[in-house]
Amino acid sequence: MISLLLFFTNVSFAQNKHQCLYKDCCLHYIAAETRRGRIRGVKAFLYRFKRCRPGYLLFRNPLINNPEVLLVTGEVLNKDMIADHILDP
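Residues numbered from 1 in each chain as written. Predicted model: local features only at pLDDT ≥ 70, side-chain atom pairs only at ≥ 80, totals over all residues. Heavy atoms only, no water.

### Details of helix 3 (residues 38–51)
Line of reasoning, step 1. Between its terminal C-alpha atoms helix 3 stretches 20 Å, which fits the 20 Å expected from 14 residues at 1.5 Å a residue.
Line of reasoning, step 2. Taken residue by residue, helix 3 has Gly41, Ala44, Phe45, Arg48 and Arg51 as its buried positions. Looking down the long axis of helix 3, one finds its buried residues gathered within 145° of arc, a one-sided arrangement. In helix 3, the exposed residues that point more than 90 degrees away from the buried face are Arg38, Ile39 and Lys43. (Helix = DSSP H or I, 4+ residues; strand = E, 2+ residues; numbered from the N terminus. Expected span 1.5 Å × (residues − 1). Buried < 20%, exposed > 50% of the residue type's maximum accessible area, 1.4 Å probe, protein only. Arc of directions from axis to C-beta.)

### Describing the sheet that holds strand 2 (residues 66–70)
Line of reasoning, step 1. Pairing is antiparallel across the open sheet formed by 3 strands, whose spatial order is 1-2-3. Bordering the open sheet on either side are strand 1 (57–61) and strand 3 (76–77), each of which pairs with just one other strand.
Line of reasoning, step 2. Bridge count between strand 1 and strand 2: 5 bridges; the pairing is antiparallel. Along strand 2, the bridge assignment pairs Leu57 with Leu70. (Pairing = 2+ DSSP bridges.)

See the structure below:
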């Protein structure tokens, strides 16, 4: 099950040809959650698949002066969750 889910993750994210937005990349996150249970792995895949995709907006929060990412779903990632390659293009 883990192998199948990881294979599908690699294929689906590779087709989108983008790099992960999260510091803990999607593949590692999904693998870790799948080891904790198959249902958790599937939920982790669906969660990241909906959120880790083009269309995000990198901005600086004026209240705390930190970079943040607005995802296509409307959720906001704080600096600690954003991949370094996004922060330092």
